[in-house]
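Chain residues, written in single-letter form:
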Amino acid sequence: MQVAPFGASLPPISEAMDNAVHESWESAQKNWRGSVGLVKLLSLVNESGTHLHGTRTTMSRDLQHRRLLITGASSGIGRALAEQASRLGARLAITARSQDKLEALAHDLSAPGTEVLAIPGDVTSDADRQRTVETVVDQFGGLDVLVNAAGVASFGHFADSTEAVVRQIMEVNFFAPAELIRRCIPVLTNGVQPAIVNVASMCGRRGLPAWTEYSASKFALCGLTEALRGEMARFDIDVLLILPGLTRTDLGRNMLRNEGRMKIDFAAGMPPEDVARSIIASIQKNRTETVLGRDARWILRVNKFFPGLVNRLLVRKVGQLYAHS
Ligand SMILES: NC(=O)c1ccc[n+]([C@@H]2O[C@H](COP(=O)([O-])OP(=O)(O)OC[C@H]3O[C@@H](n4cnc5c(N)ncnc54)[C@H](OP(=O)(O)O)[C@@H]3O)[C@@H](O)[C@H]2O)c1
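Residues numbered from 1 in each chain as written. Predicted model: local features only at pLDDT ≥ 70, side-chain atom pairs only at ≥ 80, totals over all residues. Heavy atoms only, no water.

Right, let's talk about the environment of T135 for a bit. Tracing the backbone through its elements, the reader meets T135 in helix α5 (residues 126-140). Judged by its relative accessible area of 23%, T135 falls in the partly exposed class. Along the backbone, T135 and A93 are 42 residues apart, and their C-alpha atoms lie at a distance of 8.9 Å. In this structure the side chain of T135 is engaged in a polar contact, spanning 2.6 Å, whose partner is the backbone oxygen of R131. (Helix = DSSP H or I, 4+ residues; strand = E, 2+ residues; numbered from the N terminus. Buried < 20%, exposed > 50% of the residue type's maximum accessible area, 1.4 Å probe, protein only. Polar contact = N/O pair within 3.5 Å; in protein donor to acceptor, adjacent residues only side chain to side chain.)

Look at A210: it is not a glycine, yet its phi comes out positive at around 75°. Relative to the helices and strands, A210 is located in the loop between β5 (195-199) and α7 (212-232). Residue A210 is classed as buried on the basis of its relative accessible area, which comes to 8%. Notably, D236 is not glycine yet its phi reads approximately 65°, a positive angle. By the secondary structure assignment, D236 is in the loop between α7 and β6 (238-244).

Below, the discussion takes up the site of the ligand. In the vicinity of the ligand there are 31 residues, among which S75, R97, S98, Y214 and T249 approach most closely. Taking S98, its side chain carries an N or O atom lying 2.4 Å from an oxygen atom of the ligand. Between L251 and the ligand, the recorded distance is 3.3 Å, taken from a backbone N or O atom to an oxygen atom. When the free accessible area of the ligand is taken as 880 Å², the share hidden by the protein chains comes to 96%. When residues of the shell around the ligand are traced back to their parent elements, those giving at least two are α3 (76-87) and α7. Classifying every residue of the shell around the ligand gives 15 nonpolar, twelve polar and four charged. (Near = heavy atom within 4 Å. Areas by Shrake-Rupley, 256 points an atom, 1.4 Å probe, with all protein chains shown as cover. Nonpolar A, V, L, I, M, F, W, Y, C, P; charged D, E, K, R; others polar.)

Our next topic: the environment of S60. Relative to the elements of secondary structure, S60 occurs in the loop between α2 (13-47) and β1 (67-71). By relative accessible area, which is 55% here, S60 ends up exposed. In this structure the C-alpha to C-alpha distance between S60 and I283, which are 223 residues apart in sequence, comes to 8.3 Å. Setting aside residues no more than four positions away along its own chain, S60 makes contact with Q193 and Q284. (Contact = heavy atoms within 4.5 Å.)

The next subject is helix α6 (residues 163-188). Look at α6: 35 Å from first C-alpha to last across 26 residues, which is about the 38 Å you get at 1.5 Å a residue. At E171, α6 is deflected by roughly 45°, the largest bend along its length. (Expected span 1.5 Å × (residues − 1). Bend = angle between axes of the 7 residues up to and from the residue.)

For the rest of this paragraph, the subject is the pattern of salt bridges. One pass over the structure, following the stated rule, counts 14 salt bridges. The closest approach of N and O atoms between R79 and E83, which form a salt bridge, is 3.2 Å. Residue R79 and its partner E83 are both found in helix α3; the two are separated by four residues, about one turn of the helix. Taking the shortest distance from any N to any O, the salt bridge between R131 and D128 comes out at 3.3 Å. Separated by three residues within a single helix, R131 and D128 lie in helix α5, roughly one turn from each other. (Salt bridge = Lys/Arg side-chain N within 4 Å of Asp/Glu carboxyl O.)

This part takes up the sheet that holds strand β7 (residues 289-292). Sheet strands pair via backbone hydrogen bonds, and the direction of the pair is either parallel or antiparallel. Taken together, seven strands build an open sheet; the order of strands is β3-β2-β1-β4-β5-β6-β7 and the sheet is parallel. The two strands at the open ends of the sheet, each matched to only one other strand, are β3 (115-118) and β7. Ignoring strand direction, the axes of neighbouring strands in this sheet form an average angle of 15°. Alignment of β6 against β7, held across four bridges, turns out to be parallel. (Pairing = 2+ DSSP bridges. Axes fitted to C-alpha atoms, helices over the stretch in contact; angles between N-to-C directions.)

What is shown is where atoms sit, not what they do.
Take a look at the structure:
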């Protein structure tokens, strides 16, 4: 997640750059051929009258009186989002497993003119997802924005992990938001400027060693988000993707495994309030995809143009960490 330590182990830059430029040229040629096909596909889509809202930039979404459901609201990014959305006058439904934390947050946010509904539940349980959506519809009469922020991580090499870990991480980070979205689509269809907001991670665009299961789950969420964006245009539902870098939350403390060798200092990450502020801005401005954090922007940008270089840096770092094992 943190980029700086990799910089300490750069391979000879000229050799790395030569290879990277060569690979990038090859990939650019492939991409060029691909883009001709893409242009044809897009023109077909356009001819068929489909409107892709992801490219819309002029829209603004006022959160006052909007009905928001936020998962993972008991802590970190989800909690900060709930606090800020409530200050903007949104009608909030918050969910997570920790009933005490949710109720305390609902109590803290309660003020004249605010509405905060705490619905404790496990996102991996279909019964809980159904109850959550039914409660929101019952209390608010509908839903305008679904924010999938609940998540869990695992840190350590895949070879030493277990099937239980990879299945659990996929349950929380992928199947749960996927199935909650499916339940919410009919409700969102009747919402006001409806949107689905998926909080993935920079690991959803660049897999990182020792974040293998986490990266896989976030790649799956990114794929779902991208594919849904076209489908949801039928219902006028916008689908937004958030890709944060390292953030100062409890994610590190709540990991399913914490056995990686590289030191990851969550305390040095972005404050969750800053991340939440940017997510709110993305919802208001209807930004299709938002990368948050300097490290995340740097690594994703370099990876886009020089994936071979990033691979070599990562391989070299893992080699160093395991040199004496
Ligand atoms: N922190 C980072 O560096 C970072 C970076 C990129 C992306 N993200 C993503 O940001 C999102 C928020 O994470 P965070 O950093 O704010 O971590 P966090 O402080 O640990 O918060 C995670 C939230 O998810 C909830 N949750 C976990 N498992 C759940 C389950 N089975 N059912 C219901 N709720 C569940 C937790 O609540 P309960 O325990 O009460 O259920 C908690 O509210 C996650 O999707 C994470 O992958 C975080």
